[in-house]
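Fold and geometry: a report
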Amino acid sequence: MGLTKLVIRGARQHNLKNISVEIPRNSLTVITGLSGSGKSSLAFDTIYAEGQRRYVESLSAYARQFLDQMERPEVDVIEGLSPSIAIEQKTTTRSPRSTVGTITEIYDYLRVIYASVGVPHCPNCGKPITHDRIMILAPIVRGRKGAYRKELEKFAQDGYVRVRINGELYPLDDFPALDKRKNHTIEIVVDRLLVKQGIAARLEQSIATALKLAHGLVTVAIVGGKEHTFSEKLACPDCGISVPQLEPRSFSFNSPYGACPACNGLGSKYDFDPSRIINDWTRPLFDGGLGPGSGSNARSNSALMRTASISKHRSRNFQSASRTCCCMATRRRTRGRQAEMAQPRRNRKPKKVFDSRAS
């Protein structure tokens, strides 16, 4: 528990007559009284003097020789006392910018601390504003099988410290064993930079090293943000967009690097065809709308009830869906008949009339 009060017992400094007092901490306390009643003797000559004396004694002997030693005041006990600051009643300056911090010179130290460890924030949204950190990576392996232990050990001997394997950073002297039967992506961390003025030469050298290691490829990753892969050969000169290096597997539908992401290289997608599920668009689903067996068969009804419970759980209504489909089918048939009636008579095909008596 922190200190809550300053305890003074038997203060006899100057004209103080063996007084004892308790002053609460973390609050503003005013000492008042007549002239000569001992206000300054208690505040300056007792409390401040003892606080300064304890502070100076806590310093090294080398530092104490440059500071003035204060005598111990005539007091029995002072408890809960911290290093104190005293400001004289009369100041030499009358500037409105003069504060307790400027007079005691604490203000100068606070400015140094805030400039060193402070984090700027946006005055509009309140989000912290920091310098972006980037990593220059050389992608030496991209989606290939193998253990690559000898290659990584070779990079460690060349002086590289870190490597990113499958998106995770590892030190090159303690990287995990890789399964040679699985695909891996290995990127050597060439350099890590803080985006600021004066890094152009270092950035240029790091990118050139990464391009040499990865045979024309380099990845620039913002720490905690997006990543961009650039190619030394395949890049748009106008907008700067780069594409991966063309390889035979880029044109294989059996490889994830060449297959269509929509159909996974199969060329077709599986989906439901409503015309094959609903047999009769004019009837409800539970009353023959799904074809034979959807109305009277108990086994079919149980399956439909399970389907209905699932649809209810997913907030869907099959009956309303059936009515909607029926209305759409009715509109299609109505539009078809209207279009047929609107055709000119000369375009209509003559209907064949069969006479049963002639046959």
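A brief structural summary. (Residues numbered from 1 in each chain as written. Predicted model: local features only at pLDDT ≥ 70, side-chain atom pairs only at ≥ 80, totals over all residues. Heavy atoms only, no water.)

**Side note on a nonpolar patch on the surface**
The grouping of Ile85, Ile106, Leu110, Ile113, Tyr114 and Val117 at the surface amounts to a nonpolar patch, some 590 Å² of accessible area in total. Along the chain, Val117 turns up in helix α4 (residues 106-117). Residue Val117 is classed as exposed on the basis of its relative accessible area, which comes to 63%. (Patch = residues over 30% accessible without salt bridge, like charges linked within 9 Å, V, L, I, M, F, W, Y side chains within 5 Å. Areas by Shrake-Rupley, 256 points an atom, 1.4 Å probe, with all protein chains shown as cover. Salt bridge = Lys/Arg side-chain N within 4 Å of Asp/Glu carboxyl O. Helix = DSSP H or I, 4+ residues; strand = E, 2+ residues; numbered from the N terminus. Buried < 20%, exposed > 50% of the residue type's maximum accessible area, 1.4 Å probe, protein only.)

**Let's talk about the pairing of strand β4 (residues 133-145)**
Sheet faces and side chains relate simply in a regular strand, where the side chains alternate between the two faces. Pairing geometry for β4 and strand β7 (residues 183-194), over 11 bridges, is antiparallel. Opposite Arg144, over in β7, you have His184 as the bridge partner. Relative to strand β8 (residues 217-222), β4 runs antiparallel, the two being bridged by 4 bridges. If you follow Ile134 over to β8, its bridge partner there is Ile222. (Pairing = 2+ DSSP bridges.)

**Here we look at the sheet that holds strand β5 (residues 162-165)**
Across the sheet, which stays open at both edges, the 6 strands sit in the order β6-β5-β7-β4-β8-β9 with antiparallel pairing between neighbours. Among the strands making up the open sheet, the edge pair consists of β6 (168-171) and β9 (227-231). Going from strand to strand, the sheet's axes swing by 30° on average, the running direction of each strand aside. The strands that helix α5 (residues 149-157) touches are β4, β5 and β7; relative to β7, the one it contacts most, it runs at about 15°. (Axes fitted to C-alpha atoms, helices over the stretch in contact; angles between N-to-C directions. Contact = heavy atoms within 4.5 Å.)

**Some thoughts on the state of the cysteines**
All told, the structure shown has 0 disulfides when counted by the stated rule. With no disulfide of its own, Cys125 has Cys122 as its nearest cysteine by sulfur position, at a separation of 3.7 Å. For the unlinked cysteine Cys263, the closest cysteine sulfur is that of Cys260, found at 4.0 Å. (Disulfide = S-S within 2.5 Å.)

**Some words on helix α6 (residues 200-213)**
The terminal C-alpha atoms of α6, which comprises 14 residues, lie 20 Å apart, in line with the 20 Å expected from a rise of 1.5 Å per residue. When α6 is considered as a whole, its buried residues turn out to be Ser206, Ala210 and Leu211. Mapping the buried residues of α6 onto a view down its axis gives an arc of 135°, with all of them on the same face. Set apart from the buried face of α6 by more than 90 degrees, the exposed residues are Ala201, Glu204, Gln205 and Lys212. On the buried face of α6, the contacting elements are β4, β7 and β8. Downstream of α6 by one or two residues, His215 has phi in the positive range, about 60°. (Expected span 1.5 Å × (residues − 1). Arc of directions from axis to C-beta.)

**Considering helix α1 (residues 39-57)**
Its 19 residues give α1 an end-to-end C-alpha distance of 26 Å, which sits within 8% of 27 Å, the value for a rise of 1.5 Å per residue. When the local axis directions of α1 are compared, the greatest deviation, roughly 30°, occurs at Ala49. Buried residues along α1 sit in contact with β1 (5-11), β2 (19-24), α2 (61-64) and β3 (77-79). (Bend = angle between axes of the 7 residues up to and from the residue.)

**Re the side chain of Arg53**
Mapped onto the elements, Arg53 comes out in helix α1. Under the relative-accessibility criterion, Arg53 is labelled buried at 15%. Contact partners of Arg53, with chain neighbours within four places excluded, come to Met70, Glu71 and Arg72.

**Concerning the pattern of salt bridges**
Within this structure, the stated rule accounts for 15 salt bridges. With a shortest N-O distance of 2.9 Å, Asp76 and Arg12 are connected by a salt bridge. Pair noted here: Asp76 is in the loop between α2 and β3 and Arg12 is in the loop between β1 and β2, with a separation of 64 residues, a long-range link. Relative accessible area serves as the criterion here: at 42%, Asp76 is assigned to the partly exposed category. Residues Arg249 and Glu247 are paired through a salt bridge, measuring 2.6 Å at the closest nitrogen-oxygen approach. Each of Glu50, Arg53, Arg54 and Glu57 takes part in a single network of salt bridges with overlapping partners.

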